[in-house]
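Residue-level structure breakdown
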Amino acid sequence: MITYGGKDWEGAVFDLDGTILDSMGVWEIVDRRFLENNGLPFEKDYIQDLLTMHFAQAAEYTKKRYAMEKSEAQIMEEWFSIAKGMYAGEVELKPHAAEYLAALRERGVKIAAATSSDPLLYEPALKRNGVYDYFQAFALSSETEHGKETAEVYELAAKRIRVPLEKCIVFEDILKGVQNARAAGCYTVAVEDASSSHDAEKIRREADIYICDYLQLKEIEQ
């Protein structure tokens, strides 16, 4: 158990991209290369629109937005081919994330991931960085109806570690994730990421804690 905000928390639910994995820059590279390869313009609002979507949703949105002849399956396959090598060999962790995960496990806190990513991407990155085994369960946005537009994926993650969601801390890097987790009764820790810099002030206001480095959590632990 760990204590923040005067309460004890039994579970920790982490987003992965931008929260545990320092990978959001990878996705902008993937998106840029994909658009360039298909002769399409790079538009910043397109990148922002994709942040809360899982792969299938993002492919459907991309196909409609750009009126592409490619199937959604072909779009996802092209994304995968660009991203897989980067996750397997390049993506690192956010500062001191490994040490913090180890500390949670030592305290008996149950750890889950709630992610819009795909196991073929995040598993190699987590394993290469030595933190895969800290996670007792994984919940995918694609397993839910609304992805991260609601708190469903966090609820699924909490269920899989058998901890009520209201007894979990949720770690996120995007505004929508922080808002949905807090509305569901969770204690929220926002992790700074460059991809969410446009929402940074809103995220600071919405989250219970805002950090740039997991070492900061030692300072506020009660």
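Below or above, wherever it landed, is the structure these notes cover.

Rules used in this analysis
Residues numbered from 1 in each chain as written. Predicted model: local features only at pLDDT ≥ 70, side-chain atom pairs only at ≥ 80, totals over all residues. Heavy atoms only, no water. Helix = DSSP H or I, 4+ residues; strand = E, 2+ residues; numbered from the N terminus. Contact = heavy atoms within 4.5 Å. Pairing = 2+ DSSP bridges. Axes fitted to C-alpha atoms, helices over the stretch in contact; angles between N-to-C directions. Parallel < 35°, antiparallel > 145°, perpendicular 65-115°, else oblique. Left-handed = near helix turned anticlockwise from the far one by under 90°. Nonpolar A, V, L, I, M, F, W, Y, C, P; charged D, E, K, R; others polar. Buried < 20%, exposed > 50% of the residue type's maximum accessible area, 1.4 Å probe, protein only. Salt bridge = Lys/Arg side-chain N within 4 Å of Asp/Glu carboxyl O. Phe/Tyr/Trp six-rings, centres within 6.5 Å; stacked < 30°, edge-to-face > 60°. Lys NZ or Arg CZ within 6 Å of the ring centre and 35° of its normal.

**A short note on the environment of Lys-63**
Looking at the secondary structure, you find Lys-63 in helix H3 (residues 55-65). Between the alpha carbons of Lys-63 and Ile-75 there is a distance of 7.9 Å; along the sequence they are 12 residues apart. Lys-63 has contacts with Met-68, Glu-69, Lys-70, Ser-71, Glu-72 and Ile-75, leaving out every residue within four places of it along the chain.

**What to know about the sheet that holds strand E8 (residues 209-211)**
As summarised here, the arrangement of the 6 strands in space is E5-E4-E3-E6-E7-E8, forming an open sheet in which the pairing is parallel. In this open sheet, the two strands that pair with only one neighbour each are strand E5 (137-140) and E8. Recorded for the sheet is a direction-independent mean angle of 20 degrees between the axes of neighbouring strands. Where strand E3 (residues 11-14) meets strand E4 (residues 110-115), 4 bridges bridge the pair, whose relative direction is parallel. Residue pairing for E4: Gly-11 is matched across the bridge by Lys-110.

**Quick look at the packing of helix H1 (residues 24-37) against helix H4 (residues 72-89)**
At a minimum axis distance of 10 Å, the contact between H1 and H4 shows a crossing angle of 135 degrees. Taken as axis vectors, H1 and H4 run oblique relative to one another. For the pair H1 and H4, the sense of crossing is right-handed. In this structure, H1 contributes Val-26, Trp-27, Ile-29, Val-30, Asp-31, Arg-33, Phe-34 and Asn-37 to the contact, and H4 contributes Ile-75, Glu-78, Trp-79, Ile-82, Ala-83, Met-86 and Tyr-87. Within the contact of H1 with H4, the residues separate by chemical class into 11 nonpolar, 1 polar and 3 charged.

**Considerations on the environment of His-96**
Looking at where His-96 falls in the secondary structure, it is placed in the loop between H4 and helix H5 (97-106). Take His-96: its relative accessible area is 32%, and that puts it in the partly exposed class. Measuring from C-alpha to C-alpha, the distance between His-96 and Ile-2 comes to 17 Å, with 94 residues separating the pair along the chain. With residues up to four places along the chain from it excluded, the contact list for His-96 reads Asp-213, Tyr-214 and Leu-215.

**A short note on the pattern of salt bridges**
Oppositely charged side chains can pair when the atoms bearing their charge come close. One pass over the full model with this rule turns up 12 salt bridges. Where Arg-204 meets Glu-201, a salt bridge forms, and the shortest distance between an N and an O atom there is 4.0 Å. Here Arg-204 pairs with Glu-201, and both are found in helix H9 (residues 200-206), just 3 residues apart, close to one helical turn. By relative accessible area, which is 41% here, Arg-204 ends up partly exposed. The class of Glu-201 is exposed, set by a relative accessible area of 53%.

**With respect to the packing of aromatic side chains**
Following the criterion strictly, the structure yields 13 aromatic pairs and no others. The interplanar angle of 50 degrees and the centroid separation of 6.4 Å between the aromatic rings of Phe-14 and Tyr-214 together place this pair among those described as tilted. One end of the pair, Phe-14, is in strand E3; the other, Tyr-214, is in the loop between E8 and helix H10 (216-220), and 200 residues separate them in sequence. Each member of the pair, Phe-14 together with Tyr-214, is buried. Aromatic side chains Tyr-46 and Tyr-66 sit 5.4 Å apart centroid to centroid with 75 degrees between the ring planes, which places their arrangement in the edge-to-face category. Here the residue Tyr-46 occupies a position in helix H2 (residues 44-50), and Tyr-66 occupies one in the loop between H3 and H4, the gap between them amounting to 20 residues. According to the relative accessible area criterion, Tyr-46 is buried, its value standing at 0%. Every member of this aromatic cluster is reached through a ring pair, and the members are Phe-14, Tyr-100, Tyr-122, Tyr-132, Phe-135, Phe-138, Phe-171 and Tyr-214. Above the face of the Phe-42 ring, Arg-32 is positioned so that its terminal group lies 3.6 Å from the ring centre. For Lys-127, the ring lying beneath its charged end belongs to Tyr-132, and the centroid distance is 4.8 Å.

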